[in-house]
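What the coordinates show
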Amino acid sequence: VPVLRPMDLMVEATPRRVFANAHTYHINSISVNSDYETYMSADDLRINLWNFEITNQSFNIVDIKPANMEELTEVITAAEFHPHHCNTFVYSSSKGTIRLCDMRASALCDRHTKFWTNLPHSSPTLEVPSYGEGVARAGDLQETKLATAGLEVQGEEPGFLLAVVMGNSAVPITLHWLHQEIVNHVSKQESMPGVLLREEMSAEVSDLKPVFEEPEDPSNRSFFSEIISSISDVKFSHSGRYIMTRDYLTVKVWDLNMENRPIETYQVHDYLRSKLCSLYENDCIFDKFECVWNGSDSVIMTGSYNNFFRMFDRNTKRDVTLEASRENSKPRAILKPRKVCVGGKRRKDEISVDSLDFSKKILHTAWHPSENIIAVAATNNLYIFQDKVN
């Protein structure tokens, strides 16, 4: 005779569609487009664009795989669509760079919308011709500065056609803009809006890569510099104005209008800088931490070790370290701030950096889009916290 027995609630996910056979490597990112018709998936070397209704075909929009895999120098680590502009997306790499791409410019986004850091340190050799020589433009040109290279350039919104003379031929290039991006080696000339590049500059122009990247301080360079600069997560703000990135030790906020350096840098666990050697030996240095904005883009959150997670208030510049654990996560319990002691005498409420448990880590976090409710994944436990309820 059948017997009814009470059981715990079990949640089971059933796939409605399977989008297969498009990736050779592990998928690290999935991002839904603002048009709600397409989404992209990214692995180490490629990013593909999918339509929700078509499961057997995708379009490759980024491919960084070299012809010879021995020449591989970086991999894609994260990717995300712009929250409002369906043609714009960003992806990060293991070299610590962020590339902003515009799908209107080309089907394969191997030439990006923004470039800043790979410009030569010395100014390029330029010749300024008379108006009309080798140059066709639409509308009046606007001027904007490239501080990192000491050049001034000319550009216009939404774009203009520039014929770059290479040898005996003129190559037309359509330049697409978001805000006031620098798009080519161009010199300011008040009365002559066109620019003619010499033949020896042609190869260098094609090799330029548009990236967000902070110049490294040579005095801080070490064996671990390249590893800890690898970006593990990239997120657009809800407003679409900013990009947040997470590397091993810091969270950085970038303004889309300024690519040469971040506007804000937050130290997540700088006390681990002296522990990088042991973190390398136990492979913790390769951990991929995520970061997240709150609904108003005023607070950012990311994870750390010992089941700690960090919050940074962008307005007050205050930060707090909280712990997600069963011991202090009873219903309606208030989380107490935690502090890590680096050296010297340790206070009663502090924990020594040598006592941190690196097997307990918070890699994944989420923030409710409109409420102060957060979700934190600590190993095999999911914690949900909310603002203090009266």
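The structure this text deals with has already been given above.
Residues numbered from 1 in each chain as written. Predicted model: local features only at pLDDT ≥ 70, side-chain atom pairs only at ≥ 80, totals over all residues. Heavy atoms only, no water.

Regarding the overall build of the chain
Per the secondary structure count, the chain includes 3 helices and 26 strands. Looking at the chain as a whole, 43% of its 390 residues are labelled buried. Looking at the chain alone, contacts between residues at least 24 apart form 51% of all its contacts between residues at least 6 apart. Taken as a whole, the chain presents about 22,200 Å² of accessible surface, with 50% of it coming from carbon and sulfur. (Helix = DSSP H or I, 4+ residues; strand = E, 2+ residues; numbered from the N terminus. Buried < 20%, exposed > 50% of the residue type's maximum accessible area, 1.4 Å probe, protein only. Contact = heavy atoms within 4.5 Å. Areas by Shrake-Rupley, 256 points an atom, 1.4 Å probe, with all protein chains shown as cover.)

What to know about the sheet that holds strand S15 (residues 242-246)
The strand order across the open sheet built from 4 strands is S14-S15-S16-S17, with neighbouring strands paired in antiparallel fashion. Looking at the sheet topology across the chains shown, the edges are occupied by strand S14 (233-236) and strand S17 (264-267). Across this sheet, the average inter-strand angle for adjacent strands is 15 degrees, counted without regard to direction. Bridge analysis of S15 against strand S16 (residues 250-255) gives 5 bridges, and the strand direction is antiparallel. Residue pairing in the sheet places Tyr 242 in a bridge with Asp 255 of S16. (Pairing = 2+ DSSP bridges. Axes fitted to C-alpha atoms, helices over the stretch in contact; angles between N-to-C directions.)

A look at the packing of aromatic side chains
Throughout the structure, instances matching the rule amount to 14 aromatic pairs. Taking 6.2 Å as the distance between ring centres and 5 degrees as the angle between the ring planes, the aromatic pair formed by Tyr 383 and Phe 385 counts as stacked. You can call Tyr 383 buried: its relative accessible area is 10%. Overall, Phe 385 belongs to the buried group, its relative accessible area being 14%. Members of the aromatic cluster, connected to one another through ring pairs, are Phe 19, Tyr 39, Trp 50 and Phe 52. The lysine or arginine in question, Arg 314, covers the ring of Tyr 242, its NZ or CZ lying 4.8 Å from the ring centre. (Phe/Tyr/Trp six-rings, centres within 6.5 Å; stacked < 30°, edge-to-face > 60°. Lys NZ or Arg CZ within 6 Å of the ring centre and 35° of its normal.)

Some details on the nonpolar core
The nonpolar side chains of a soluble globular protein tend to be buried, and buried together. Residues Tyr 248, Leu 272, Leu 279 and Leu 356 are the most contacted members of the largest nonpolar core, which totals 18 residues. Not counting chain neighbours up to four residues away, the residues in contact with Tyr 248 comprise Ile 228, Ser 230, His 269, Leu 276, Leu 279, Cys 284, Ile 285, Asp 287, Phe 289 and Tyr 305. In terms of nonpolar packing, the next biggest core, distinct from the first, is built from 15 residues, Val 292, Met 301, Ile 362 and Tyr 383 among them. (Core = buried A, V, L, I, M, F, W, Y, C linked by side-chain atoms within 4.5 Å.)

With respect to the environment of Phe 59
Residue placement: Phe 59 occurs in strand S4 (residues 54-63). Dropping the residues within four chain positions of it, Phe 59 is found in contact with Ile 47, Asn 48 and Leu 49.

A short note on the pairing of strand S3 (residues 46-51)
Note that strand S2 (residues 38-42) and S3 share 5 bridges and pair antiparallel. Looking across to S3, one finds that Ala 42 is bridged to Ile 47. Taken together, S2 and the strand that follows it, S3, pair antiparallel across an intervening segment of 3 residues. Relative to S4, S3 runs antiparallel, the two sharing 5 bridges. Residue pairing for S4: Arg 46 is matched across the bridge by Asp 63. A loop of 2 residues connects S3 with S4, the two strands running antiparallel in sequence.

Digging into the side chain of Asp 43
By the element assignment, Asp 43 lies in the loop between S2 and S3. Of the side chains with opposite charge, Arg 46 comes closest to the buried, unpaired Asp 43, at an N-O distance of 5.6 Å. Here the side chain of Asp 43 touches His 23 through a polar contact of 2.9 Å, side chain to side chain. A distance of 2.6 Å separates the side chain of Asp 43 from the backbone nitrogen of Arg 46, its partner in a polar contact. (Lys, Arg positive; Asp, Glu negative; His and termini not counted. Salt bridge = Lys/Arg side-chain N within 4 Å of Asp/Glu carboxyl O. Polar contact = N/O pair within 3.5 Å; in protein donor to acceptor, adjacent residues only side chain to side chain.)

With respect to the side chain of His 269
In this structure, His 269 sits in the loop between S17 and helix H3 (276-281). Only 2.8 Å separates the side chain of His 269 from the backbone oxygen of Tyr 248, close enough to count as a polar contact. Each residue touching His 269, except ones within four places of it in the same chain, is listed here: Arg 246, Tyr 248, Leu 249, Phe 289, Ser 304 and Tyr 305.

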